[in-house]
Amino acid sequence: MSSESVSAVPPPAEPDDPSSAPTRRTFIATTTAVGGVAVAGGVVGGSFLVGSEEAAAAAPPASRVSLRVNGARRTVTVDNRTSLLDLLREHFGLTGSKKGCNAGACGACTVLVDGQRHNACLTLAVRLEGAEVTTIEGLADGDELHPLQQAFIDEDAFQCGYCTPGQIMSGVGCIKEGHTDSPEEIREWMSGNICRCGCYVKIVRAVEQTAGRK
Amino acid sequence: MRPSCFSYTRASDTREALDAARRGGRYIAGGTTLVDLMRETVERPESLIDISGLPLREVRATEGGGLRIGALVRMAEAAAHPKARALYPVIAESLELSASAQLRNMATIGGNIMQRTRCTYFRDVTADCNKREPGSGCAALKGHNRTHAILGTSDACVATHPSDVSVAFAALEATVHLLGPDGERRVPFADFLLRPGSTPHREQAIRQGELITAVEIPALPRPLKSGYLKVRDRQSYEFALTSAAVALHVRHGVIREAKVAAGGVGTVPWKLTTVERHLVGERPSAALWAAAADKAADGAQPLQYNRFKPELLKRTVERQLRVVGGMK
Ligand SMILES: Cc1cc2nc3c(=O)[nH]c(=O)nc-3n(C[C@H](O)[C@H](O)[C@H](O)COP(=O)(O)OP(=O)(O)OC[C@H]3O[C@@H](n4cnc5c(N)ncnc54)[C@H](O)[C@@H]3O)c2cc1C
Ligand code: SF4
Ligand code: FES
Ligand code: FES
């Protein structure tokens, strides 16, 4: 895969800024893809352009960064304040990664950066020069789900689904790190992902099942 | 909230980093404290210096049998390092009981000892807080202070230092290696983190622009048993209410060295010198652990909502002495 895109990215949209509040349509699009399996394509445009007049008046410091997202090379100029999570969701249209707390405290935004699980909300996009980012959208192999995605479906390991993309990406990291010897070990090493619906037993089972298959 | 604007540069060597810092830049390592606090507008650096590319990422045994951990070693890497696990299990355990797997993949050792308090009033820019805004008062004194400190507090600030591995570093009497425009210097861990006194906004004995290059743990007589116990409101992914780092060297049935410190209770990681003195020269026994731990909360000054802490602290220390030193 080598689609390439070059774009300029406006200042980060923030939820407390009314002009950037997601429309009902974008919210539904964000939440209906189970585990973010559906791939949203393209760069999200206008509706996320916030404070454009303010930005034009005194352009906030921005930097150019080149990274790979799910195998595709992307070169963008980002406002230095943009988090990886906002870059993915609001500029690349990859809304599988979720914003729960925006403070490192819930795990909903978990993605892989150079193969390791990270919190995208606490990662500044400008720092990712040359990085390889994998999100929930990039996990499946074509139409074939990643074994852990399949296991989440088989085990019915979610209710509302909001935490699920983060759980799955974290689970992939956890399995890779080898912390899956017992349900207790999985619970401890998956504790960075909160599930408000309380699906922990099934989440642990899905990770255990997938790890056992390897 | 949206962070204020900042310029961004990547330092390719320590010289470049120091130069940029001299011009007023702020280092960013893992970013897990800094980005979080910038979003809350508690921190408003005008320029960030990305130091993640600097060659400070090595863990190695020192000649004497100690351990040197580079400032940019990730918490996860330090915890998994075979030398760290073999020489000082207390360090690996304190790290693995910190934050989450994701955060430990990002956060560094240097950043960890520089992390700022989790006091909710400090993080809330609408609250009075002497640490954030000197002279504005301390909302925690008469507010929700259940998680706050009982040792080393002042009228100006009662916030805890939240780092777990710093408790292990304090117990083991580590040294912080610093590099500044005038060269290198070393600061004992006990002098590195500052008690609030009347200047709670001053938190570390680090000078403007100085770079932490490593934390060094001195050699201790072997065999050395050590470990970390953390007590918290939930089982994982939570800061300590109380914690205890313990290292013991026992020879011919007698304790020759005892290194003990507590977390979650002090404005800085709290070295329990009185407990240590009570142990050295004695034979391990359940009665000794209890008698020594009974001194752990000496001098404690609980606040309205954390009166449970002195007793919890004693029990935490006693239990960890038993775990590390054996029941006997
Ligand atoms: C939800 C959550 C839960 C957490 N739970 C725990 C926990 O249970 N236990 C625990 O111990 N910690 C916990 N933490 C804190 C976490 O461990 C720290 O945020 C982290 O260690 C900071 O390291 P960093 O590399 O990300 O620092 P950064 O955010 O990059 O930097 C922090 C500060 O240190 C300075 N700095 C960084 N490196 C250097 C250097 N080499 N020289 C000079 N200055 C430097 C920066 O300028 C900045 O001021 C938690 C954090 C979060 C968000
Ligand atoms: S305890 Fe310290 S950090 Fe918390 S409000 Fe008071 S001065 Fe601020
Ligand atoms: S949104 Fe990143 S951890 Fe909650
Ligand atoms: S499934 Fe609803 S938060 Fe986890």
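Residues numbered from 1 in each chain as written. Chains lettered and ligands numbered in written order. Predicted model: local features only at pLDDT ≥ 70, side-chain atom pairs only at ≥ 80, totals over all residues. Heavy atoms only, no water.

For chain B, an unreviewed UniProt entry supplies the name FAD-binding molybdopterin dehydrogenase and the organism Streptomyces swartbergensis.

Going by the annotation in an unreviewed UniProt entry, the name recorded for chain A is Carbon monoxide dehydrogenase, with Streptomyces swartbergensis given as the source organism. The UniProt entry for chain A carries the following comment under Pathway (unreviewed entry): "Alkaloid degradation; nicotine degradation." (UniProt positions renumbered as here; feature names shortened; annotations may be inferred.)

### Brief notes about the site of ligand 2
All names here are of chain B. Every one of the 15 residues lining ligand 2 counts as a neighbour, but Cys119, Cys129, Cys138, Cys157 and Val158 are closest to it. When each cavity is represented as a set of grid points, ligand 2 is found to reside in the second largest cavity. Of the residues that constitute the shell around ligand 2, the class distribution is eleven nonpolar, two polar and two charged. (Near = heavy atom within 4 Å. 1 Å grid on protein atoms, 1.4 Å probe; cavity = no way out; pocket = protein on both sides within 12 Å on 5 of 7 lines; lining within 4 Å. Sits in = over half its atoms within 2 Å of the grid points. Nonpolar A, V, L, I, M, F, W, Y, C, P; charged D, E, K, R; others polar.)

### Describing the nonpolar core
Within the largest apolar cluster, 65 residues are counted, with the highest numbers of intra-cluster contacts made by B:Ile69, B:Tyr88, B:Ile91, B:Phe169, B:Ile217, B:Leu279 and B:Val317. Top contributing element to this core by residue count: helix 9 (residues 165-172) of chain B, with seven residues. Excluding anything up to four places from it in sequence, B:Tyr88 contacts B:Gly65, B:Gly66, B:Leu67, B:Lys83, B:Leu172, B:Ile217, B:Pro218, B:Ala219, B:Leu220, B:Arg222, B:Leu224 and B:Ser226. Grouped together as the second largest cluster of nonpolar side chains are 33 residues, A:Val76, A:Val113, A:Leu128 and B:Tyr237 included. (Core = buried A, V, L, I, M, F, W, Y, C linked by side-chain atoms within 4.5 Å. Buried < 20%, exposed > 50% of the residue type's maximum accessible area, 1.4 Å probe, protein only. Helix = DSSP H or I, 4+ residues; strand = E, 2+ residues; numbered from the N terminus. Contact = heavy atoms within 4.5 Å.)

### What to know about the sheet that holds strand 7 (residues 183-188) of chain B
Residue and element names in this part refer to chain B. What the five strands build is an open sheet, ordered 4-5-8-6-7; its pairing is antiparallel. The strands lining the two open edges of the sheet, one partner per strand, are strand 4 (59-61) and strand 7. Strand after strand, the sheet turns through a mean of 20° between neighbouring axes, direction not considered. The pairing of strand 4 with strand 5 (residues 67-70) spans three bridges and is antiparallel. Opposite Arg60, over in strand 5, you have Arg68 as the bridge partner. (Pairing = 2+ DSSP bridges. Axes fitted to C-alpha atoms, helices over the stretch in contact; angles between N-to-C directions.)

### As for empty space enclosed by the protein
All names here are of chain B. Applying the stated criterion across every chain, the model contains five cavities of 30 Å³ or more. Of the voids in this model, the largest cavity is the one considered here, and its volume is about 120 Å³. What lines the largest cavity is a set of 17 residues, among which Lys131, His161, Leu194, Glu203 and Thr267 lie closest to the centre. Here the residues of the lining of the largest cavity are counted per class, giving seven nonpolar, six polar and four charged. Taken as a whole, the second largest cavity spans an internal volume of roughly 90 Å³. As for the second largest cavity, its lining consists of 17 residues, of which Cys119, Cys129, Cys138, Cys157 and Ala159 are closest to the centre. The class makeup of the residues in the lining of the second largest cavity is eleven nonpolar, four polar and two charged. (Points joined across faces, edges and corners; volume = space filled by probe spheres on them.)

### With respect to the environment of B:Tyr88
Residues and elements named next belong to chain B. By the element assignment, Tyr88 lies in the loop between helix 4 (82-87) and helix 5 (89-96). Along the backbone, Tyr88 and Leu220 are 132 residues apart, and their C-alpha atoms lie at a distance of 9.8 Å. Within the structure, the side chain of Tyr88 is placed 2.6 Å from the backbone oxygen of Pro218, a separation counted as a polar contact. (Polar contact = N/O pair within 3.5 Å; in protein donor to acceptor, adjacent residues only side chain to side chain.)

### Focus on the interface of chain A and chain B
Each partner contributes residues to the interface: chain A has 39 residues there, and chain B has 32 residues. Summed over both partners, the interface of chain A with chain B comes to about 2900 Å²; 49% of that surface belongs to carbon and sulfur atoms. Considering only the side of chain A, the residues that lose the most area to chain B are A:Arg81, A:Leu122 and A:Arg127, jointly responsible for 26% of the buried surface there. Seen at the junction of chain A and chain B, the total is one salt bridge. A salt bridge links B:Asp50 to A:Arg127; its shortest N-O distance comes to 2.8 Å. Taken together, the residues of the side of chain A that touches chain B break down into 14 nonpolar, 15 polar and ten charged. (Buried area = accessible area lost by both parts, 1.4 Å probe. Salt bridge = Lys/Arg side-chain N within 4 Å of Asp/Glu carboxyl O.)

### Digging into the domain arrangement of chain A
Many analyses report the size of an interface as the accessible area lost when the parts associate. All names here are of chain A. Once the domains are mapped, chain A shows domain 1 (56-138) and domain 2 (140-214). Look at where the C-alpha atoms of domain 1 and domain 2 centre, and you get two points 22 Å apart. Contacts between the two partners involve 17 residues from domain 1 and, on the opposite side, 18 residues from domain 2. Carbon and sulfur atoms make up 54% of the area that domain 1 and domain 2 hide from each other, which totals about 1300 Å². On the domain 1 side of the interface with domain 2, the three residues burying the most area are Lys98, Arg117 and Ile136, jointly 45% of the side's total. Run the count over domain 1 and domain 2 and you get one salt bridge. Put simply, Glu177 and Arg117 hold a salt bridge, and the shortest N to O gap is 2.7 Å. (Domains from an automatic or database assignment.)

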